[in-house]
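# Structural description and commentary
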Amino acid sequence: MVFKRYVEVGRVVLVNYGPDAGKLATIIDIVDQNKCLIEGPANITGVSRQMISYSRLALTDFTVKVSRNARQKSLSAAWAEADVLAKWESSSWAKKLSSKKKRASLSDFDRFKVMVARKQKSAIIAKKMKELK
Amino acid sequence: MAPQLKVNGVTGPKKAAAPVAPGKYYPADDVKAPLQNRKAKRNAAPKVRASIAPGSVLILLAGRFRGKRVVALKVLESGLVLVSGPYKVNGVPLRRVSPAYVIATSTSVDVASVDVSSINDAYFARVKSSDEEEFFAGDAPKSAVVSDQRKADQKKVDAALLKVVDATPMLKAYLGARFSLKNNDKPHSMIF
């Protein structure tokens, strides 16, 4: 079993638990086997510099080129250069998260409209399938 | 239970009337606090939760029309909510409904153009049935006869209401459909 995502300085992570849950951050230093130092950068993702356990993080595919313990200024410059936000938003992981959020926020009327749209879609597909038979 | 608020060591209904400690001086005899005026509460306008406002779409949870989605028109003096289907859309007439047996959705329509000022609690008072003879003789229950007055009012209210409902796409179909819980629905986490 080969690992592809490593805990390293510059690894972009998704915070899973705690007050910053759901936000992206970058590992900027490693404390020990259980915890590391992360930062947003705070002006881009809103995660301030803090020590956090790995069990609260999920590693993503993306890394940024920063040196250990980088300042927020160089970190945000590296984020802009690597265009992390755009890459993240276009990943299917991020799209699934946002669609889950959207579904949870639907009102009763919205759910009715979704139901009608799904029925129309399946009717079109069924019709096409019949033609192809 | 939330901790009871205390003002000068007095809880409950007398709290508002409790005298403020003046400092070093206090009267030699105890000053009796005036009893609470309950008439003010009785005559006050009925309080109904904020989500039930004129124009909001409600889901009826109990009674003959359970599951129907319905438009709230106004809150009557008794605290009940006046509601209309509209009748043509889902068969619910001008009717009173208890706010406790209703889910208020976040969808609403503008009912400023619908005139329901003449409809109040007295409008729905039961018509006195004729005499005892009918009570003793009749076996088959007589089907309810809807008065012409009700039909006329229903038509008038629904004419204005349907115009507003038709303005929003799919709203008419939404009101015509019944609400039900499906598999995997978690009502405690659903936003209505």
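A few points on the structure. Since the structure is predicted, the reported quantities are computational estimates derived from the model, not experimental observations.

### Examining the overall build of chain A
Regarding its fold elements, chain A presents five helices and five strands. When the helices and strands of chain A are read in sequence order from the N terminus, they spell out β-β-β-α-β-β-α-α-α-α. Rg of the C-alpha trace for chain A: 20 Å, well past the compact-globule value of 14 Å for 133 residues, more than 25% over. In terms of its C-alpha atoms, chain A occupies a principal-axis envelope of roughly 60 × 35 × 30 Å. Taking all 133 residues of chain A together, the buried fraction comes to 32%. A fraction of 47% describes how many contacts in chain A between residues 6 or more apart in sequence connect residues 24 or more apart.

### Topic: unusual backbone geometry
Pro41(A) follows Gly40(A) through a cis peptide bond whose omega is 10 degrees. Within the secondary structure layout, Pro41(A) lies in the loop between strand E3 (35–39) and helix H1 (42–45). The omega angle of the peptide bond from Gly85(B) to Pro86(B) is 0 degrees, so this bond is cis rather than trans. Mapped onto the elements, Pro86(B) comes out in the loop between strand E3 (81–84) and helix H2 (87–90). Although it is not a glycine, Met170(B) adopts a positive phi angle of roughly 70 degrees. The phi torsion at Asn184(B) lies on the positive side, around 75 degrees, for a residue other than glycine. Under the relative-accessibility criterion, Asn184(B) is labelled exposed at 76%.

### Some points on the sheet that holds strand E4 (residues 95–97) of chain B
All names here are of chain B. Pairing is antiparallel across the open sheet formed by five strands, whose spatial order is E4-E3-E2-E1-E5. A strand with exactly one partner marks an edge of an open sheet, and here the two such strands are E4 and strand E5 (102–108). Between one strand axis and the next, the sheet turns through 45 degrees on average, direction left out of account. In this structure, strand E1 (residues 56–60) lies alongside E5, joined through four bridges in antiparallel fashion. Residue pairing across strands places Ile59 opposite Ile103, the latter belonging to E5.

### A few points about the interface of chain B and chain A
At the junction of the two partners, chain B supplies 16 residues and chain A supplies ten residues. The three residues of chain B that bury the most area against chain A are Met170(B), Tyr174(B) and Ile191(B), which together make up 55% of that side's buried surface. Here Arg69(B) ties to Asp108(A) by a salt bridge, and the two come within 3.0 Å at their closest N and O atoms. The set of elements that each furnish at least two residues to the side of chain B that touches chain A consists of E5 and helix H5 (171–176) of chain B. Its residues placed into classes, the side of chain B that touches chain A shows eleven nonpolar, four polar and one charged.

### Some words on helix H5 (residues 108–132) of chain A
Spanning 25 residues, H5(A) covers 37 Å between terminal C-alpha atoms, matching the ideal 36 Å at 1.5 Å per step. Every buried residue of H5(A) is accounted for by Asp108(A), Phe109(A), Phe112(A) and Val116(A). Elements in contact with the buried residues of H5(A): E1, strand E2 (69–75), E5 and H5 of chain B.

### Regarding the nonpolar core
Counting 27 residues, the largest nonpolar core has Leu73(B), Leu82(B), Val114(B) and Ile119(B) as its most contacted members. Of all the elements, helix H4 (residues 148–167) of chain B adds the most residues to this core, at six residues. Among residues more than four places away in sequence, those in contact with Ile119(B) are Lys74(B), Leu76(B), Leu82(B), Leu94(B), Phe124(B) and Val157(B). Residues Leu14(A), Leu24(A), Ile28(A) and Trp79(A) belong to the second largest nonpolar core, which totals 16 residues.

### Details of helix H2 (residues 72–82) of chain A
All names here are of chain A. Listed in full, the buried residues belonging to H2 are Leu75, Ser76, Ala78 and Trp79. Angular distribution of buried residues about the axis of H2 spans 155 degrees; they occupy a single face of the element. Opposite its buried face, H2 presents the exposed residues Lys73, Ala80 and Glu81, each directed more than 90 degrees away. Following H2 by one or two positions, Asp83 adopts a phi angle in the positive range, close to 55 degrees.

### Some thoughts on the environment of Ser53(A)
All names here are of chain A. On the secondary structure map, Ser53 appears in strand E4 (residues 50–53). With residues up to four places along the chain from it excluded, the contact list for Ser53 reads Asn34 and Lys35. Only 2.8 Å separates the side chain of Ser53 from the side chain of Ser55, close enough to count as a polar contact.

### Quick look at the packing of aromatic side chains
Inspection of every chain in the model, using the stated rule, returns five aromatic pairs over all chains. Summarising the aromatic geometry, the rings of Trp88(A) and Trp93(A) are spaced 5.3 Å apart at their centres and angled 65 degrees between planes, so their arrangement reads as edge-to-face. Ring centres 5.2 Å apart and planes at 80 degrees place the aromatic pair Tyr123(B) and Phe124(B) in the edge-to-face group. Comparing Tyr123(B) with Phe124(B) shows no difference in burial state: the two are buried. Taken together through their ring pairs, the aromatic side chains of Phe109(A), Phe112(A) and Tyr174(B) make up a single cluster. Positioned over the ring face of Phe192(B) is Arg111(A), at 5.5 Å from the centre of the ring. When the ring centre of Phe109(A) is taken as reference, the NZ or CZ atom of Lys113(A) above it lies at 4.4 Å.

Reading the values: rules and limits
Residues numbered from 1 in each chain as written. Chains lettered and ligands numbered in written order. Predicted model: local features only at pLDDT ≥ 70, side-chain atom pairs only at ≥ 80, totals over all residues. Heavy atoms only, no water. Helix = DSSP H or I, 4+ residues; strand = E, 2+ residues; numbered from the N terminus. Rg over C-alpha atoms; globule rule 2.2 N^0.38 Å. Buried < 20%, exposed > 50% of the residue type's maximum accessible area, 1.4 Å probe, protein only. Contact = heavy atoms within 4.5 Å. Pairing = 2+ DSSP bridges. Axes fitted to C-alpha atoms, helices over the stretch in contact; angles between N-to-C directions. Buried area = accessible area lost by both parts, 1.4 Å probe. Salt bridge = Lys/Arg side-chain N within 4 Å of Asp/Glu carboxyl O. Nonpolar A, V, L, I, M, F, W, Y, C, P; charged D, E, K, R; others polar. Expected span 1.5 Å × (residues − 1). Core = buried A, V, L, I, M, F, W, Y, C linked by side-chain atoms within 4.5 Å. Arc of directions from axis to C-beta. Polar contact = N/O pair within 3.5 Å; in protein donor to acceptor, adjacent residues only side chain to side chain. Phe/Tyr/Trp six-rings, centres within 6.5 Å; stacked < 30°, edge-to-face > 60°. Lys NZ or Arg CZ within 6 Å of the ring centre and 35° of its normal.

Read these as spatial facts, not as claims about activity.
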